[in-house]
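Observations on the three-dimensional arrangement
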Amino acid sequence: MIQIHCPYCGETLPELEFAYAGEAHIDRPESPSAQTDEEWAEFLFMRQNVKGPHFERWRHVHGCGRFFNAVRNTITDRFYTTYKAGEPRPDLATLLEEDNK
Amino acid sequence: MSKHISSLAPSVVVDTAAARVAVSQMIGRISLRARTNENGGDLAAVGKAIGVALPTQIGGRAKADGIEVACLGPDEWTLLVSLEQIEKVEDALAALYPSLPHSMTEVTGREVTLTIEGPQAAELLSIGAPRDISSIKVGQARRMLFDGATVVLWRDSETSFRMDVWNSFASFLATTLETGAKELAAELA
Ligand SMILES: [Zn+2]
């Protein structure tokens, strides 16, 4: 079973306690009514569908309840890191370099 | 106060050499969501108002004046109080609302508590919990998964636990624990 580190609980716990919640770092437009239909559709539906390291949201649903962000390899399911919601996107090159050590 | 609609009545579910599982008496329950805000509202005020300081570490517990608190999330607590105290605690929290906006909901009727005790209590819990029970230390509590349902588990000693369960899952989880306790006892025999 995959083990996921919850940045709020500070514990590494079984995947079963967590729920996947889609791609991370997608900002809701500040004024939705100013958006064209195409722009709004882009925000709602269009995702990168990454093959490899992916920035994504998870929720510790059967635990502290919080959403947080993770970088996971969609091929190997390896988690490079997890971090609290609102924290900046970590540098991918640095993460991969650290992971190779 | 919300009355319980359908929950297990206080009783012994199973009592074996491995573990004893029982349904506890009804107790007052309050769910609290709050956080220190930019306008000077301080979480510490909650502790002063209700007489027990809120633990801020997830899984941390505190107890005083008949009120028992567990920290479930970064801004979430569950409070166990006697039925007579519910109103007093609610009033104390409500008085804080202007300076510390928060969400307080009485959920007495939502849950029932199972006690799980005995030499193999921790092992019994491991049949339904994906997480390692030994990672929950004596004197801590956690919200976690047990046999498909979200529960709050309080560890009172190495061999005694309390499990807060939503009513709709209670009889199902009690059956899981009953089966497990009997199987563990059969292995001992
Ligand atoms: Zn968590």
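Residues numbered from 1 in each chain as written. Chains lettered and ligands numbered in written order. Predicted model: local features only at pLDDT ≥ 70, side-chain atom pairs only at ≥ 80, totals over all residues. Heavy atoms only, no water.

Turning next to the coordination of the zinc ion. All names here are of chain A. Distances from the zinc ion to its protein donors, C6 (SG), C9 (SG), H60 (ND1) and C64 (SG), fall at 2.0 to 2.4 Å. Note that the zinc ion binds four donor atoms; their angles at the metal cover 103 to 114°, and the shape is tetrahedral. Counting the intervening residues between successive donors of the zinc ion yields the motif C-x2-C-x50-H-x3-C. Linking C6 in strand β1 (residues 3–6) with C64 in the loop between β4 (53–59) and β5 (67–73), this pair joins segments that are 58 residues apart in sequence. As far as burial versus exposure is concerned, C6 and C64 are alike and both buried. (Donors = N, O, S within 2.8 Å, 3.2 Å for Na, K, Ca; no water. Tetrahedral: all angles 85-135°; square planar, octahedral: opposite > 155°, others 65-115°. Helix = DSSP H or I, 4+ residues; strand = E, 2+ residues; numbered from the N terminus. Buried < 20%, exposed > 50% of the residue type's maximum accessible area, 1.4 Å probe, protein only.)

Residues and elements named next belong to chain A. Strands sit in the order β3-β4-β5-β6 across an open sheet of four strands; the sheet is antiparallel. The sheet is open, and its two edges are formed by β3 (19–23) and β6 (79–84), each paired on a single side. Between one strand and the next, the sheet's axes are offset by a mean angle of 30°, whatever the strand orientation. Pairing of β4 with β5, which is carried by seven bridges, proceeds in the antiparallel orientation. From the neighbouring strand, H54 faces β5, where its bridge partner is R72. Seen against the sheet, helix α2 (residues 92–100) touches β4, β5 and β6 and runs at an angle of roughly 130° to β6. (Pairing = 2+ DSSP bridges. Axes fitted to C-alpha atoms, helices over the stretch in contact; angles between N-to-C directions. Contact = heavy atoms within 4.5 Å.)

Note that all results are geometric; they support no functional claim without further evidence.
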